[in-house]
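Okay, here's what each chain looks like letter by letter:
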Amino acid sequence: FFEYQGQRYSHILNPKTGIPVANGIASITVHAATCTLAGMIATMSHLQDDPKSFLETQDVQHWIVYHDPV
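Residues numbered from 1 in each chain as written. Predicted model: local features only at pLDDT ≥ 70, side-chain atom pairs only at ≥ 80, totals over all residues. Heavy atoms only, no water.

**Remarks on the layout of surface pockets**
Here the largest pocket is characterised by a volume of approximately 250 Å³. Considering the residues around the largest pocket, the lining is formed by 20 residues, among which Arg-8, Ser-10, Ile-25, Ala-26 and His-67 are closest to the centre. Looking at the lining of the largest pocket, the elements with two or more residues in it are β2 (7-9), β3 (25-31) and α1 (35-46). Looking at the lining of the largest pocket, the element that brings in the most residues is β2, giving three residues. Counted by class, the lining of the largest pocket contains nine nonpolar, nine polar and two charged residues. (1 Å grid on protein atoms, 1.4 Å probe; cavity = no way out; pocket = protein on both sides within 12 Å on 5 of 7 lines; lining within 4 Å. Points joined across faces, edges and corners; volume = space filled by probe spheres on them. Helix = DSSP H or I, 4+ residues; strand = E, 2+ residues; numbered from the N terminus. Nonpolar A, V, L, I, M, F, W, Y, C, P; charged D, E, K, R; others polar.)

So this is what it looks like as structure tokens:
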């Protein structure tokens, strides 16, 4: 991540806007059948409006860690 003008941004870019994701999530960990699948689901969840709801539909174990409020 990086911080700019008091806002924390992810290293993940929104493909629609090209702007880094700024959703307050520090990390998302996914346990899936393969490493590739876990990485893909974790990255895709960062791009969702509601990552928790998205992950709950994926039938995988997952953990979300949020940044402390600035």
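**With respect to the nonpolar core**
Among the nonpolar cores identified, the biggest contains 10 residues, and these are Ile-25, Ile-28, Val-30, Ala-32, Ala-38, Ile-41, Ala-42, Phe-54, Leu-55 and Val-60. Excluding anything up to four places from it in sequence, Ala-32 contacts Leu-37, Ala-38 and Val-60. (Core = buried A, V, L, I, M, F, W, Y, C linked by side-chain atoms within 4.5 Å. Buried < 20%, exposed > 50% of the residue type's maximum accessible area, 1.4 Å probe, protein only. Contact = heavy atoms within 4.5 Å.)

**Concerning α1**
Taking 1.5 Å of rise per residue, 12 residues should cover 16 Å, and α1 covers 17 Å from first to last C-alpha, within 8% of that figure. For α1, the set of buried residues is Ala-38, Ile-41, Ala-42, Ser-45 and His-46. An end-on view of α1 places all buried positions within 140° of arc, on one side of the element. Its buried side turned inward, α1 meets β3 and α2 (51-56). (Expected span 1.5 Å × (residues − 1). Arc of directions from axis to C-beta.)

**Topic: the packing of aromatic side chains**
According to the stated counting rule, one finds one aromatic pair in the structure shown. Ring geometry for Phe-2 against Tyr-9: centres 5.3 Å apart, planes inclined by 20°, an arrangement best described as stacked. A residue is classified by how much of its surface remains accessible, and Phe-2, at 41% relative accessible area, is partly exposed. (Phe/Tyr/Trp six-rings, centres within 6.5 Å; stacked < 30°, edge-to-face > 60°.)

**A word on the environment of Trp-63**
By secondary structure assignment, the location of Trp-63 is in strand β4 (residues 61-66). When its relative accessible area of 45% is taken as the criterion, Trp-63 is described as partly exposed. Linking Trp-63 and Val-30, residues 33 residues apart in sequence, is a C-alpha distance of 6.6 Å. Setting aside residues up to four positions removed in sequence, Trp-63 forms contacts with Ser-27, Ile-28, Thr-29 and His-31.

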